[in-house]
Amino acid sequence: MVSSKRVVYWIRRLSELAMYGWLGLLLLGDLAAAWQLGGAQWLVPVCGLAGCVALMLRQKYRTQVFLAVLGLSFVATAAIIITGQRGLPGMAETGALLILMLGVLRHVEPVRHAALLACLDLFVLMMEANGRVESGLPVSFLLFASWSMTAGVGGYLRFQQERRKEAVHSVRRAERLELARELHDLVAHHITGIVVQAQAARTVAETDPQAVLPALDAIATAGTDALTSMRRMVTVLRAEDGADRTPGVTLADLRMMTDRFSAEGPKVAFEIGQGLDDRTLPPEVMTTLHRVLLEALTNVRKHASRTAWVEASLRRVDRLVVLRVRNFGSDADPRISRLGGGFGLVGMAERVEALGGRLHAGPTPEGAWEVVAEFPLP
């Protein structure tokens, strides 16, 4: 079964080929007009060819190629006006300018620069209509209508992209605040242990001085663990609210979560590899593993309700701990594939990267949907 991501890829490829085919037909029309009229009209297909080349390079040099085509079109129009030979506007040239403007309005930052470039495009198009054609009013109207429609589409795409960015920013901010709460809880947990062990050492110091040394070692270990947690999560700010906190996540909690999911939804096969226990994994990694597993299973229930079964595993690979969750028997939700992951996955990626790890979510060659989180071990 073909994955939705592959379908979207081929749709984009075919759309690109259709665009170049359409521009090629327009360029043939420009060449026919230049063959018939001769003279300065040969500058028109040259501009059209330059526009086609610019479209091929637009992903890497978006602003540069747009300005280059604008400048070439301006020079060609000025040359036609100077020679006094009126003819026809460039069809391929105009199409390329409109497509390039669409990309500029969508991607160029800041937005005022994109708007300025769009206005320059309108100026060049109006100059083309009135400078190359004897009676340029109807052509001016058609070009202005085309420019307005393209500008509207580009503005709408820009608005949707900004909404997406704002949503991703909000999710990341919320995740960082949640990480800050966990930082508070983890450090409080370590400090409490240090205080208890210090009080115990003080109590036995007079009667059994030898027992003080193991207590001091335990205090030093707890202090090192607390500093490690703070270094890995210190970039976040603590939220001033009363959200629930769960600092004591264990491997048993992960297994209990998969058991509850199996009872209410698709069956989950969860395997914990050798060499992993509650002492092996730092507390902040355990908490993040719990959140990633919860998010992955929730996405299965929301976006792949027809899945047959879920495979989850937690293994140690060299100096990494790897959580892998795969669901089989159901296509991924095309909305997730198109957007590059849901907002929950955006938050999980932020959380994983804050601990020095990385998160990947996407289809596998076997037709499954997979979420993989990797964490470095101290």
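It should be emphasised that the depicted structure is a prediction, and the values quoted were computed from it without experimental measurement.

Asks: Give me the lowdown on the packing of helix α2 (residues 43–56) against helix α4 (residues 91–107), citing residues and values where you can.
Replies: Taken N-terminus to C-terminus, the directions of α2 and α4 make an angle of 30 degrees; their axes are 7 Å apart at the nearest point. The orientation of α2 relative to α4 falls into the category roughly parallel. Where α2 crosses over α4, the two elements pack in a sense that is left-handed. Facing α2, whose interface residues are Val44, Cys47, Gly48, Gly51, Cys52, Ala54 and Leu55, α4 presents Ala92, Glu93, Ala96, Ile99 and Leu100.

Asks: Explain the sheet that holds strand β2 (residues 309–317) to me, and be specific about the residues and the numbers.
Replies: Strand pairs in the sheet, formed through backbone hydrogen bonds, run parallel or antiparallel to each other. Within the open sheet, the five strands sit side by side as β1-β2-β3-β5-β4. Their pairing is mixed. Here the strands that pair on one side only, and so sit at the sheet edges, are β1 (267–272) and β4 (358–363). Averaged over all pairs of adjacent strands, the angle between strand axes in this sheet comes to 10 degrees, irrespective of strand direction. Here six bridges tie β4 to strand β5 (residues 369–376), and the two strands are oriented antiparallel to one another. Residue pairing in the sheet places proline 363 in a bridge with tryptophan 369 of β5. Lying on the sheet, helix α9 (residues 283–303) is in contact with β1, β2, β3 (320–328), β4 and β5; it crosses β3 at an angle near 10 degrees.

Asks: Give a detailed account of the environment of asparagine 130, specifying residues and quantitative values.
Replies: The topology assignment puts asparagine 130 in helix α5 (residues 111–132). Along the chain, asparagine 130 and arginine 86 lie 44 residues apart, while their C-alpha atoms are 9.6 Å from each other. Among residues more than four places away in sequence, those in contact with asparagine 130 are Arg86, Gly136 and Ser140. Only 2.8 Å separates the side chain of asparagine 130 from the backbone oxygen of methionine 126, close enough to count as a polar contact.

Asks: Tell me about the side chain of arginine 326, residues and numbers included.
Replies: Positionally, arginine 326 belongs in strand β3. Here glutamate 311 takes part through its side chain, which lies 2.6 Å from a polar atom of the side chain of arginine 326. Excluding residues within four positions of it along the chain, arginine 326 makes contact with Trp309, Val310, Glu311, Thr364, Glu366, Trp369 and Glu370.

Cut-offs applied
- Residues numbered from 1 in each chain as written.
- Predicted model: local features only at pLDDT ≥ 70, side-chain atom pairs only at ≥ 80, totals over all residues.
- Heavy atoms only, no water.
- Axes fitted to C-alpha atoms, helices over the stretch in contact; angles between N-to-C directions.
- Helix = DSSP H or I, 4+ residues; strand = E, 2+ residues; numbered from the N terminus.
- Parallel < 35°, antiparallel > 145°, perpendicular 65-115°, else oblique.
- Left-handed = near helix turned anticlockwise from the far one by under 90°.
- Contact = heavy atoms within 4.5 Å.
- Pairing = 2+ DSSP bridges.
- Polar contact = N/O pair within 3.5 Å; in protein donor to acceptor, adjacent residues only side chain to side chain.

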